[in-house]
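Next come the chains, spelled out residue by residue.
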Amino acid sequence: MTESNDIPIRLTLNKSLKSVFCKPTETLLSLLRDGFGLTGSKRGCNQGLCGACTVLIDGKPMRSCLTIAATCNGRDVVTVEGLLENGKLSTMQQALVDSGGVQCGFCTPGVAIALTSLLREDPKPDRTKIREALSGHLCRCSGYIKIVDAAEAAAEKAGS
Amino acid sequence: MTQEFSAVGLSSARRDSSEKAGGAAKFADDYSVPGMLYGAILGSPIASGRIKSIDLTEAKTVPGVVSILTADDLPDRRVGSFIKDEVTLARGYVRFVGEPVAAVAAETKEAADLAAQLIIVDFEDLPSVCSLDEALAEDAPLVHPGQDDYVRTSETPTNGNIFWSASILEGNPDAVWDSCDVIVEDTYETPGQYHAYMEPCSALAEPDLAGRITVRSTAQSIFYIQGRISDELDIPMSNIRCVAPKIGGGFGGKNGVSVQPIAVALARASGRPVKITLSRSQDMEMLRSRHPTRIRMRTGAKKDGTLVAREAELWFDAGAYTDESPAVLSFGMLCSRGPYNCPNISVKGHAVYTNKLKAGSFRGFGNPQATFASESQLDALAVKLNMDPIELRRKNAMKAGDHWLGGQTVDSCAMTQCLDALDERLKEEVSALPPAEEGWQRGVGVSGLSHISGLMGTSAFVNLRADGTVALQTGVVDIGQGSDTVLPQICAETLRLPLESIAYAAQDTDSSPYNWKTAASRITYTAGRAVMQATVEMRERILRDAADMLECSKDDLELDIGGTVRVVGADRKVSFREIAARAFNRVGGPIVGQHAFAFDGPRFDPKRAAMSNFAFDNLGVYVFGAVGVVVDVDTVTGKTIVQKVWSAHDIGRAINPQSVEGQVQGAVVQGVGYALLEELVWENGRLTNPSFMDYKIPDGMDAPSEITVMLIEEAPEATGPFGAKGIGEAPIVGVAPAIANAVFNATGARLTRIPMTSERVLNGILSL
Ligand code: FES
Ligand code: FES
């Protein structure tokens, strides 16, 4: 059901082109979760503070809970589901699994996006850089160590 | 070379982690069903008051509103495990800001929220008590004036806002203080800490036309939630089905109910599915925290460091309702001696009502508070005695065969080995760290620690599939701690199968065997035992059938890795698949195993200890450990950074070492938050920091960059599966005192109040 002030937008979502109407105040996170059923992006705070909702917009990690959906017109959005390669976990996602960086897994989608973006910018980050990249991502389970291990392992794998 | 283990002791990746890393794992709020309504809850705006009237007129006009409920629409019942003082929606009175007063179900979340805001409640403000001091003051207003009429599980005396007091006495401290060479005494204060699981609480309740209701929710136990909904809403358990989605962390915070009964009540009123997901701030204001406490403690020792006497009095700020406070208080009291022998000890404890959100279970369950006091005192004693702090602890450390406070015998104990391992690492590694930056002072601090693993009932079912693989069922909810992997590992090992051969069912009260809760660091130990025994029962049946098929005695058979039974020393064998096929189709029926038990270890011993009003009469098996930290303190600002942590744990046996390490590291960082950052702050009864903006938990930069985990497997627990004991809580217990002791070591300031914010550390330094 569309209402008169709904805004039509077109965006690339996980590599496919989508057209959709969104409400002027609707966040990208709501559009993804409720509109497209992509529930991989998590709502941990809805205030831009936990990082669980992070997605790539034009290649940059952004908080989808703070992003108004209508501003994504013409942009390229990648969620955690879109990191999969041929239906398989990406190197970064697999490294999170293998290093024990996934516990409850609620922070994992945002963490996977942030680290994917980090490794694209800097294929060989040191541990301090990795921790900095994680600084807006809260994880209450892991103590971060194994998440940092995972980024190192993924960098190594990609470099080999 | 024969491979010794097929599954246990291997760091298998968590079985659900691919799904989680790929974004496919479904948590409660990720479910939507056709026709679903959204729920919203109106929380009390005041800390204490009488509800004079509730006007729904305006709220009902919001388009899309389907049902609105207040207490008048619900059965008039009070519930609670220890004292029946709680209601689903406030009835007549409110007792804390955020307490649910009314609930709305509507077609959209926005409509539900708007309608909840438009409900007009006319309150008569009543005086409130929002701290221990206010609650304990003479003539303090009572949080529950009618408390003497509440149903209680135990006739413990009340006194004003103190609703539960307990005591324990061993030996006679009063008679021996004079014989002590040194005595230390202080009062310690610890804050309310928020669990800050990353997933806010959520529940989806789906009614069907036959009157049954299915509930998918964030909870640490499907069975507890089923029982509680039944109790609150007067629905038979047969009509309530609880299923477990993925859970985004719990740490004790999802141990009790959150929004499930309200979601169920709305679903029944509307006849439609209803989902309630709390916002972060509602989750913080409405649910639970760790108990803020005040602890007065006094300890005396001989010149050589031998502990002689301890006296402690603990006040636990329980918030507005009892919840699990008697258990948390009792456990904190039992941890007031720590993992040390001390012949004369007296502990008194009180749980106190205040007009704040409930305090409940939180990783450590009263123990971190008691240990903060206890281990700070040991450090102060070591300083007075001019003794190495690890040496002092080693001298008094419990050993196997010693008795816990209360008299329960401790059978497996690697306390000394943990201290030795820590000592060795600190000696080698502290001096190798790069030096502190200019203007910063470095300190080293240690703490011993101990906890339990056990309690209550659990069970497991296992059956052999037609192709020789296995299906395992338990009622254990994996809240992120890893039981979905560890329990199948135990099953696999018992059958010498690879982990991939075990299918493990999701938890559902309609089909899973009973388990109490994912709590008390109990799952690997108790549910692991049940899984192992059920599997052993099935294995016996497999061997019996194999003996029939191979025409030999069962005693001549052995299991090969990979699902084959062979005759020892001969080339005659039969596979699980062949055994299963025969059983399915011809002889005896499918091969199954089951086991159920409740923790049955030694009880408290009245000959050793005089105890009154304890919430339980035994606990579990005991786990021990030691933690060391290096901190740097900026002497200008007081800012404290934890550079490195070493955490040694008496684990019995690590079923999945990588998973154990992850648990330890996560708990250590939660402990760093508790020690340095985290504090719920109330002003006039209102929580002033209900968001991650104002309530900071450690992020990747606040967390120590290195946490070395040492798993000490020298004292396997005879009753545990493959010798294992639990690890979920222990690693948080000693972190705050170790950091406080390190701050003292760095600056000479002894902080007795956490969190040790920059301001408090600086004040400590300035008042030297
Ligand atoms: S949900 Fe967007 S940052 Fe927390
Ligand atoms: S794995 Fe649970 S919050 Fe990060």
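Rules and cut-offs
Residues numbered from 1 in each chain as written. Chains lettered and ligands numbered in written order. Predicted model: local features only at pLDDT ≥ 70, side-chain atom pairs only at ≥ 80, totals over all residues. Heavy atoms only, no water. 1 Å grid on protein atoms, 1.4 Å probe; cavity = no way out; pocket = protein on both sides within 12 Å on 5 of 7 lines; lining within 4 Å. Points joined across faces, edges and corners; volume = space filled by probe spheres on them. Helix = DSSP H or I, 4+ residues; strand = E, 2+ residues; numbered from the N terminus. Nonpolar A, V, L, I, M, F, W, Y, C, P; charged D, E, K, R; others polar. Domains from an automatic or database assignment. Contact = heavy atoms within 4.5 Å. Buried area = accessible area lost by both parts, 1.4 Å probe. Salt bridge = Lys/Arg side-chain N within 4 Å of Asp/Glu carboxyl O. Polar contact = N/O pair within 3.5 Å; in protein donor to acceptor, adjacent residues only side chain to side chain. Buried < 20%, exposed > 50% of the residue type's maximum accessible area, 1.4 Å probe, protein only. Pairing = 2+ DSSP bridges. Axes fitted to C-alpha atoms, helices over the stretch in contact; angles between N-to-C directions. Parallel < 35°, antiparallel > 145°, perpendicular 65-115°, else oblique. Left-handed = near helix turned anticlockwise from the far one by under 90°. pLDDT = per-residue confidence, 0-100.

Undergrad: Any details on empty space enclosed by the protein? Residues and values, ideally.
TA: Residue and element names in this part refer to chain B. Applying the stated criterion across every chain yields a total of 10 cavities of 30 Å³ or more. Reported here for the largest cavity is a volume of approximately 220 Å³. For the largest cavity, the lining is made up of 19 residues, of which E86, V87, T88, P100 and K358 are closest to its centre. If you list the elements that add at least two residues to the lining of the largest cavity, you get α6 (222-233) and α7 (260-270). Grouping the constituent residues of the lining of the largest cavity by class yields 11 nonpolar, two polar and six charged.

Undergrad: Tell me about the domain arrangement of chain B, and name the residues and values.
TA: Residue and element names in this part refer to chain B. Domains assigned within chain B are domain 1 (17-23 + 456-598), domain 2 (31-126 + 201-277) and domain 3 (293-454 + 604-766). Just the C-alpha atoms count here: the centres of domain 2 and domain 3 sit 36 Å apart. Taken together, the contact between domain 2 and domain 3 spans 15 residues of the former and 19 residues of the latter. Here domain 2 meets domain 3 over a buried area of about 1,600 Å², counting both sides, of which 53% is carbon and sulfur. Three residues, F82, F96 and F251, lead the burial of domain 2 against domain 3; their summed loss comes to 37% of the area buried on that side. Linking domain 2 to domain 3 there are one salt bridge. In this structure, E86 and K358 form a salt bridge, with 3.1 Å as the shortest nitrogen-oxygen distance. Counting every contact that joins domain 2 to domain 3 gives 11 residue pairs in polar contact (both at pLDDT 80 or more). Split into classes, the residues belonging to the side of domain 2 that touches domain 3 amount to seven nonpolar, four polar and four charged.

Undergrad: Give me the layout of surface pockets: which residues, what numbers.
TA: Roughly 1,400 Å³ of volume is contained in the largest pocket. Looking at the largest pocket, it is lined by 42 residues, and the ones nearest its centre are S30 and D34 of chain A together with Y38, K109 and E110 of chain B. At five residues, the largest contribution of residues to the lining of the largest pocket is made by helix α1 (residues 28-35) of chain A.

Undergrad: Any chance you could break down α1 of chain A for me, citing the residues and the numbers?
TA: Within α1 of chain A, six of the eight residues are buried, which leaves it mostly tucked inside the rest of the structure. Residues of α1 of chain A that are buried: L28, L29, S30, L31, L32 and R33 of chain A.

Undergrad: Describe the sheet that holds strand β21 (residues 502-504) of chain B, with residues and values.
TA: Residue and element names in this part refer to chain B. If you walk across this open sheet you meet the four strands as β21-β20-β19-β25, and the pairing is mixed. Both outer strands of the open sheet, β21 and β25 (592-598), are each paired with one neighbouring strand and no more. Taking each pair of neighbouring strands and ignoring which way they run, the sheet shows an average axis angle of 20°. With seven bridges connecting them, strand β19 (residues 457-464) and β25 associate as antiparallel partners. Across the sheet, the residue bridging to A460 is H595, located in β25.

Undergrad: Kindly report on the environment of D178 of chain B, identifying the contributing residues and their values.
TA: Residue and element names in this part refer to chain B. Position of D178 among the secondary structure elements: in the loop between α5 (173-176) and β8 (182-190). Given the relative accessible area of 78%, D178 is considered exposed. Once the C-alpha coordinates of D178 and F331 are considered, the two residues, 153 residues apart in sequence, prove to be 29 Å apart.

Undergrad: Any details on the environment of A155 of chain A? Residues and values, ideally.
TA: Residues and elements named next belong to chain A. Tracing the backbone shows A155 in helix α5 (residues 145-159). Separated by 115 residues in the primary sequence, A155 and G40 place their C-alpha atoms 24 Å from one another. In this view, A155 contacts L119, P123, K124 and P125; residues no more than four positions away in its chain are not counted.

Undergrad: Could you give me a rundown of the domain arrangement of chain A, with the residues and numbers involved?
TA: Residues and elements named next belong to chain A. What the domain assignment reports for chain A is domain 1 (7-83) and domain 2 (91-155). Look at where the C-alpha atoms of domain 1 and domain 2 centre, and you get two points 21 Å apart. In this complex, domain 1 contributes 19 residues to the contact, which on the side of domain 2 involves 13 residues. Linking domain 1 to domain 2 there are four residue pairs in polar contact (both at pLDDT 80 or more).

Undergrad: Can you explain the packing of helix α10 (residues 367-385) of chain B against helix α11 (residues 389-396) of chain B? Please cite residues and give values.
TA: In helix packing, the relevant descriptors are the interaxial angle and the interaxial distance, both defined with respect to the helix axes. All names here are of chain B. Here α10 crosses α11 at 110°, and the two axes come no closer than 9 Å. With respect to α11, the axis of α10 lies roughly perpendicular. Taken as a pair, α10 and α11 cross one another with a handedness that is right-handed. Between α10 and α11, the residues in contact are E375, L378, D379, L381, A382 and L385 and P389, L392 and R393, respectively. Class assignment for the residues of the contact of α10 with α11 results in six nonpolar, no polar and three charged.

Undergrad: Let's hear about the confidence of the model for chain B: which residues, and what values?
TA: Of the residues in chain B, 100% reach a pLDDT of 70 or more, and the chain-wide mean stands at 96. Interface predicted TM-score (ipTM) for the complex: 0.98; the corresponding pTM is 0.97.

Undergrad: Tell me about the packing of α6 of chain B against α7 of chain B, residues and numbers included.
TA: All names here are of chain B. Their axes nearest at 9 Å, the elements α6 and α7 cross at an angle of 55°. Taken together, the axis directions place α6 and α7 in an arrangement best described as oblique. As for how α6 packs across α7, the hand of that crossing is right-handed. Here α6 contributes I225, I229, E232 and L233 to the contact with α7, which in turn contributes Q260, P261, V264 and A265.

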